[in-house]
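# Analysis of the macromolecular model
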Amino acid sequence: MTLTAPATGAASAASRLATPWWREAVVYQVYIRSFADGDGDGTGDLAGLRARLPYLASLGVDALWINPWYPSPMADSGYDVADYRGIEPLFGDLDQASVMIAEAHELGLRIILDLVPNHLSDEHAWFQAALASAPGSPERARFIFRGGRGESGELPPNDWTSHFGGPAWTRVVEAVGDEEHPAGQPGQWYLHLFNSKQPDVNWTSDEVRAEFDEVLRFWFDRGVDGFRIDVAHGLIKHPDFPDLGERERPHIPFGSGDHPFLDRDEVHEVYRGWRAIADSYDPPRVFVAEAWTGDAVRLGMYLRPDELHTAFNFDFLVSAWREGELRSVIDATLAAHAAVGAPPTWVLSNHDVYREVSRYAREQDRPQVRDEADVKGRPADLELGLRRARAAALLMLALPGGAYVYQGAELGLPEVEDLPEESLQDPTWFQSGGQLRGRDGCRVPLPWSGSQPPFGFSERADGAAPTGEPWLPQPASFAGLTVADQDGDPTSTLELYRSALALRHSLEALGDGSMSWVQAADGSLDGVLAFTREPGFACWVNLSPQPVELPDGVEVLLSSGDLDETADGAVLLPSDTTVWLRR
Ligand code: GLC
């Protein structure tokens, strides 16, 4: 067995001490609507989050990313923001938010909010003003309004489609009108790459740019440590609004910067401006990009030293549970991030994709598995899915850089695939005409305790009974998966995460830094991802169908499942299992 040459940038003990927190943070994603409900109305809120902060601190994460908590009509679960400087009344108010931020900081948890700059809600004052103004007015210039095609403008301006299905343009009835578009008649069209209640804003407008600068400052001034940037690869559109034409899968950028509305090169200038704002604070604030790009090199462009700090690594998330795919994603990720000096991040799930337990429960016969469209009609073995999800968690937490944990992953929750149709709320369900159920199955309120709904999700401080049902129904199968059930059970997924996160903090080798693949010329490591990190750490992931013998003289620190032993005392790593070793 030989070691390959170490990757660049090995961390010394001294440099580790000086490592900025965001280069190796484990960030827990709080989908606030479904995390914990403190007033008993069936919707998660700030009171619930505050009550559960000690749980998050004891889990061992470093920071929280909270999905949009601003006032919103909830057409897209808060990603339709009506006021960027407030708190949705269902969740609480600004005072409670400030208290929560202070309490989290006291517990050593940093707070990252979600900024939605590509679009806002049609109920935002700006859009209401645009509707009440004439074509060509300054109010309309904050959005993307165009005349239609066809005899009387009855066809959308181009063929772009919404990410949720259907056309990306909606025609308005003019309130004021002009010569071409008379008042009281259908007139201009506006662009919405998502729901029609999420009009895209115009990033060529100086007013738009200044407004988002101010929104950043508003929250940074309140002690927020950073922002996740929603649809960071969006924002800028081709000035001529060309048709997409016959291109396949139009919502995956092409990787060259010439897509009409995704991952365009001009977007980087926006982030250079934001970086300067973040750097003007003490301590500097940070950004993480939600950027779906064609490849790791395009992703790296968002992470150049004067742009955003980190980005979600969706290539890792969508990768099948297969040795070859994972190895190439890891290699490509490390190379692209090293080229710009940024730390990689690793993520297995979020509020937009199928939960990893349910993805890995399917036969892994395609290179990528992301959402419902990839798993539809395919039988699931959830026990196998959980086994692999636990192994994947230890892999993720051992890789160089930071990691994201979506709420419920630490409980091993599966996707809820059988939500009653009448409960579905994701716009995907409506815009696909019922073809796709959408993302509600990964957004079901968390089970905290008890053996039936609401599983401790709605728990009022005064002990009174809840007044509302959870906003999405929880399945009976959550029984046994609650925090209370798993707490203290050494075989539980919760305790696996706790142990891994505690070790991650105590082991100098983990977090930021480099790794080296372990290779075996005799083929004994085929189907195994094995790597070392210095000082003295190794991680082995067995993706092959047969057990693999671990080397002599290592100490097992943690494993995602039971290990076996041969008659002569050698330790065997079973299939779909990850082990952390001290060498
Ligand atoms: C991002 C969010 C997703 C939302 C979309 C539109 O992809 O993660 O939940 O629907 O942006 O804002």
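Residues numbered from 1 in each chain as written. Predicted model: local features only at pLDDT ≥ 70, side-chain atom pairs only at ≥ 80, totals over all residues. Heavy atoms only, no water.

Heads up, the condition is: UniProt positions are given in the numbering used here, feature names are shortened, and annotations may be inferred rather than shown by experiment.
The protein chain goes by Alpha-glucosidase in an unreviewed UniProt entry, where it is assigned to Quadrisphaera granulorum. Per its UniProt entry, the protein chain bears the Sequence similarities (unreviewed entry) comment "Belongs to the glycosyl hydrolase 13 family."

## Concerning the sheet that holds strand 18 (residues 564-565)
Here is the rule we go by: A pair of strands is labelled paired if DSSP reports no fewer than 2 bridges between them. Labels follow the DSSP assignment, with helices taken as runs of H or I lasting at least four residues and strands as runs of E lasting at least two, numbered in each case from the N terminus.
Ordered by their spatial adjacency, three strands build an open sheet running 16-19-18, and the pairing between neighbours is antiparallel. Edge positions in the open sheet fall to strand 16 (548-549) and strand 18, since each of these has one partner strand only. When strand 18 meets strand 19 (residues 571-573), the two strands line up antiparallel, connected through two bridges. Its bridge partner lying in strand 19, Asp-564 is registered against Leu-572.

## As for the environment of Cys-539
Our working definition: Each residue's exposure class comes from its accessible area (1.4 Å probe, protein chains only) as a fraction of the maximum for that residue type: buried when under 20%, exposed when over 50%, partly exposed otherwise. Working rule for contacts: check all heavy atoms of both residues, and any pair within 4.5 Å makes them a contact.
On the secondary structure map, Cys-539 appears in strand 15 (residues 537-542). Of the residues examined, Cys-539 reaches a relative accessible area of 0% and is grouped as buried. Taking the C-alpha atoms as reference, Cys-539 lies 24 Å from Gly-341; in sequence the two are 198 residues apart. Cys-539 has contacts with Leu-394, Leu-395, Ala-398, Leu-529, Ala-530, Phe-531, Thr-578, Val-579 and Trp-580, leaving out every residue within four places of it along the chain.

## What to know about the sheet that holds strand 2 (residues 26-30)
Read from one edge to the other, the open sheet built from eight strands follows the order 10-9-8-4-3-2-12-11, with strand pairing classed as parallel. Only two strands of the sheet have a single neighbouring strand rather than two, namely strand 10 (310-311) and strand 11 (345-347). Sheet topology places strand 2 next to strand 3 (residues 63-66); four bridges connect them, and they run parallel. Its bridge partner being in strand 3, Gln-29 is matched across the sheet by Trp-65.

## Details of unusual backbone geometry
A negative phi holds for most residues other than glycine; trans holds for most peptide bonds. Cis rather than trans, the peptide bond between Asp-282 and Pro-283 has omega equal to -5°. Looking at the element boundaries, Pro-283 is found in the loop between helix 6 (267-279) and strand 9 (286-289). Pro-453 connects to Pro-454 through a cis peptide bond whose omega is 5°. Structurally, Pro-454 can be placed in the loop between helix 13 (427-431) and helix 14 (483-486). At Phe-241, a residue that is not glycine, the phi angle is positive and equals roughly 50°.

## So, the nonpolar core
Just so we agree on the cut-off: In these notes, a set of buried Ala, Val, Leu, Ile, Met, Phe, Trp, Tyr and Cys residues joined through side-chain atoms within 4.5 Å is what counts as a nonpolar core.
Ranked by internal contacts, the top residues of the largest apolar core, which has 151 residues, are Tyr-28, Leu-64, Trp-69 and Trp-580. Ranked by residue count, the leading element in this core is helix 12 (residues 382-398), at nine residues. Within the second largest apolar cluster, 14 residues are counted, among which are Ala-168, Leu-193, Val-231 and Leu-262.

## Quick look at the pairing of strand 8 (residues 226-229)
Of the two faces of strand 8, the one holding Gly-226 and Arg-228 and the one holding Phe-227 and Ile-229 are both buried throughout. Pairing analysis gives four bridges linking strand 8 to strand 9, with the strands arranged parallel. Note on strand 9: the bridge partner recorded for Ile-229 is Ala-289.

## What about the domain arrangement of the protein chain?
As a reminder of what qualifies: An automatic or database domain assignment supplies the start and end points of every domain.
We note that the domain assignment places domain 1 (21-120 + 206-486), domain 2 (125-191) and domain 3 (514-582) within the protein chain. Using only C-alpha atoms to locate each centre, domain 2 and domain 3 end up separated by 60 Å.

## Re empty space enclosed by the protein
Let me state the cut-off plainly: Grid spacing is 1 Å over the protein atoms alone, the probe is 1.4 Å, and a cavity is where that probe fits but cannot get out, while a pocket is an open set with protein on both sides within 12 Å along at least five of seven lines and lining residues have an atom within 4 Å of a point. Grid points are joined across faces, edges and corners, and a volume is the space filled by probe spheres set on the points. Basically, the charged four are Asp, Glu, Lys and Arg, the nonpolar ten are Ala, Val, Leu, Ile, Met, Phe, Trp, Tyr, Cys and Pro, and anything else, Gly included, counts as polar.
Overall, the coordinates contain three cavities of 30 Å³ or more when judged by the stated rule. The space that makes up the largest cavity amounts to roughly 90 Å³. In terms of lining residues, the largest cavity is bounded by 13 residues, among which Trp-22, Val-27, Ile-112, Thr-310 and Tyr-404 are the most central. Those elements giving two or more residues to the lining of the largest cavity turn out to be strand 9 and strand 12 (402-406). With three residues, the single largest contributor to the lining of the largest cavity is strand 9. Considering only residue class, the lining of the largest cavity consists of ten nonpolar, three polar and no charged. Of the volumes computed, that of the second largest cavity is approximately 50 Å³. When residues of the lining of the second largest cavity are traced back to their parent elements, those giving at least two are helix 10 (356-360), helix 12 and helix 15 (493-506). Looking at the lining of the second largest cavity residue by residue, the classes come out as five nonpolar, two polar and two charged.

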